[in-house]
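Below are the chains, spelled out letter by letter.
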Amino acid sequence: MDEEARRIDAVPGPEHEADDDGFEGRNIVLIGPMGSGKSTVGSALARRLGRPHVDSDQFFVARHGAIPEYFLAHGEAAFRAEEERVVADLLDSPRPSVVSLGGGAVLSAATRGLLRGHLVVMLDMSLEQAHRRIGDGSTRPVLGEHPMQRWAEVYAEREPLYRGAADVVIDSADATVPQRAVTIVEALRVHLRTATPPTRPHQEASEL
Ligand SMILES: Nc1ncnc2c1ncn2[C@@H]1O[C@H](COP(=O)(O)OP(=O)(O)OP(=O)(O)O)[C@@H](O)[C@H]1O
Ligand SMILES: O=C(O)C1=C[C@@H](O)[C@@H](O)[C@H](O)C1
Ligand SMILES: [Mg+2]
């Protein structure tokens, strides 16, 4: 793991919370569909908490180059295998961090297993909101030539995986980025007060 790269984005902002942020030293991991704000909100959340922010797509690019080009050259299966390795490295963080995952990272059963024990937040969004965010989808090779139709299909396939892995689901896509960071902090605090036992292993959607 490149420590220099890990420090990028790690500078606390003026609004950051106390050093002991109350999240038991666990990573906060953001999952959810393409365009839901995992990278953008993750960065704001990390600043708020005074934690490092790391993003699996950014680390993938640092290791392997641009994602669309990697898909073209090697195919999706190779991408998923490398993504799995990147995510495992990021979750094995020496400091509690905010970790934003690529939209398809939860497709890996190994990754879903690793998520147990971390605090996992699903950022949800509607198709209409996705339409406003994603534009022509040109930076997301999974969306192909009909990005919105494909976004909806992919969402339907993955929604049970996101929900099965998440400790909290945040549906506030129309709120501002700082508001969404605050909403996540509040939802996680409620989760930690009410979850029994505190680190209850997540169930696979198929087990629910
Ligand atoms: N309130 C908001 N919250 C989050 N993102 C917003 C908001 N308003 C606009 N955006 C924009 O939505 C776009 C998608 O956000 P982002 O790239 O963070 O999504 P993502 O979940 O990381 O997507 P991917 O799975 O492709 O990595 C960005 O251009 C971001 O600036
Ligand atoms: O949802 C997906 O499958 C993807 C989402 C992006 O974050 C990138 O990880 C990549 O474009 C694939
Ligand atoms: Mg992202």
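For the structure itself, look to the data block above.
What this report covers is the structure whose coordinates are included nearby. Predicted model only: the values in this text are computed from it and were never measured.

**Regarding the overall build of the protein chain**
Alright, step 1. When you go through the protein chain residue by residue, the secondary structure sums to nine helices and five strands.
Alright, step 2. Split into buried and exposed, the 208 residues of the protein chain put 49% on the buried side.
Alright, step 3. For the protein chain, the share of sequence-separated contacts (at least 6 apart) that also reach a separation of at least 24 residues comes to 77%.
Alright, step 4. Looking at the protein chain as shown, the accessible area adds up to about 10,100 Å², and 53% of this sits on carbon and sulfur atoms.

**Quick look at the site of ligand 1**
Alright, step 1. Lining the immediate environment of ligand 1, one finds 18 residues, of which Lys38, Thr40, Arg133, Arg140 and Ala175 sit closest.
Alright, step 2. Separating an oxygen atom of ligand 1 from a backbone N or O atom of Ser36 is a distance of 3.2 Å.
Alright, step 3. Here Thr40 contributes a side-chain N or O atom positioned 2.5 Å from an oxygen atom of ligand 1.
Alright, step 4. Alone, ligand 1 offers 640 Å² of accessible surface; in the complex the protein occludes 72% of this.
Alright, step 5. Here ligand 1 is seated within the largest pocket.
Alright, step 6. In terms of residues, the shell around ligand 1 owes the most to one element, helix α2 (residues 38–49), which gives four residues.

**Details of the pairing of strand β1 (residues 28–31)**
Alright, step 1. Covered by surrounding structure in β1 are Ile28 and Leu30 together with Val29 and Ile31, the residues of both alternating faces.
Alright, step 2. Across three bridges, the pairing between β1 and strand β3 (residues 98–100) is parallel. Each bridged residue has a counterpart across the sheet, and for Leu30 the counterpart in β3 is Ser100.
Alright, step 3. The sheet contact formed by β1 and strand β4 (residues 119–123) spans four bridges and is parallel. When the bridges of β4 are listed, Leu30 appears paired with Val121.

**What about the sheet that holds strand β2 (residues 53–55)?**
Alright, step 1. The strand order β2-β3-β1-β4-β5 describes an open sheet built from five strands, whose pairing is parallel. The strands lining the two open edges of the sheet, one partner per strand, are β2 and β5 (168–170). Averaged over neighbouring strand pairs, the angle between their axes works out to 25° when direction is ignored.
Alright, step 2. Here helix α8 (residues 147–165) sits on the sheet in contact with β1, β4 and β5, set at roughly 150° to β4.

**Overview of unusual backbone geometry**
Alright, step 1. The residue Glu24 is not glycine, and still its phi comes out positive at about 60°.
Alright, step 2. Looking at the element boundaries, Glu24 is found in the loop between α1 (3–7) and β1.

**A look at the pairing of β4**
Alright, step 1. Buried residues dominate β4, accounting for five of its five residues.
Alright, step 2. Going residue by residue along β4, you find Leu119, Val121 and Leu123 tucked away on one face and Val120 and Met122 tucked away on the opposite face as well.
Alright, step 3. Direction of pairing for β4 relative to β5: parallel, over a ladder of three bridges. Paired with Met122 across the bridge in β5 is Val169.

**Remarks on the packing of helix α4 (residues 67–74) against helix α5 (residues 76–91)**
Alright, step 1. At a minimum axis distance of 7 Å, the contact between α4 and α5 shows a crossing angle of 125°. The angle between the axes of α4 and α5 places the two elements in the oblique class. For the pair α4 and α5, the contacting residues are Ile67, Tyr70, Phe71 and His74 in the first and Glu76, Ala78, Phe79, Arg80 and Glu82 in the second.
Alright, step 2. The residue inventory of the contact of α4 with α5, partitioned by class, reads five nonpolar, one polar and three charged.

**Comments concerning the layout of surface pockets**
Alright, step 1. Taken as a whole, the largest pocket encloses approximately 560 Å³ of empty space.
Alright, step 2. Residue lining of the largest pocket: 30 residues in total, with Met34, Gly35, Ser39, Asp57 and Arg140 positioned closest to the centre.
Alright, step 3. Elements represented by at least two residues in the lining of the largest pocket include exactly α2, α3 (56–64), α4, α5 and α9 (177–194).
Alright, step 4. No other element matches α2, which puts four residues into the lining of the largest pocket.
Alright, step 5. Here the residues of the lining of the largest pocket sort into twelve nonpolar, nine polar and nine charged.

Analysis parameters
- Residues numbered from 1 in each chain as written.
- Chains lettered and ligands numbered in written order.
- Predicted model: local features only at pLDDT ≥ 70, side-chain atom pairs only at ≥ 80, totals over all residues.
- Heavy atoms only, no water.
- Helix = DSSP H or I, 4+ residues; strand = E, 2+ residues; numbered from the N terminus.
- Buried < 20%, exposed > 50% of the residue type's maximum accessible area, 1.4 Å probe, protein only.
- Contact = heavy atoms within 4.5 Å.
- Areas by Shrake-Rupley, 256 points an atom, 1.4 Å probe, with all protein chains shown as cover.
- Near = heavy atom within 4 Å.
- Polar contact = N/O pair within 3.5 Å; in protein donor to acceptor, adjacent residues only side chain to side chain.
- 1 Å grid on protein atoms, 1.4 Å probe; cavity = no way out; pocket = protein on both sides within 12 Å on 5 of 7 lines; lining within 4 Å.
- Sits in = over half its atoms within 2 Å of the grid points.
- Pairing = 2+ DSSP bridges.
- Axes fitted to C-alpha atoms, helices over the stretch in contact; angles between N-to-C directions.
- Parallel < 35°, antiparallel > 145°, perpendicular 65-115°, else oblique.
- Nonpolar A, V, L, I, M, F, W, Y, C, P; charged D, E, K, R; others polar.
- Points joined across faces, edges and corners; volume = space filled by probe spheres on them.

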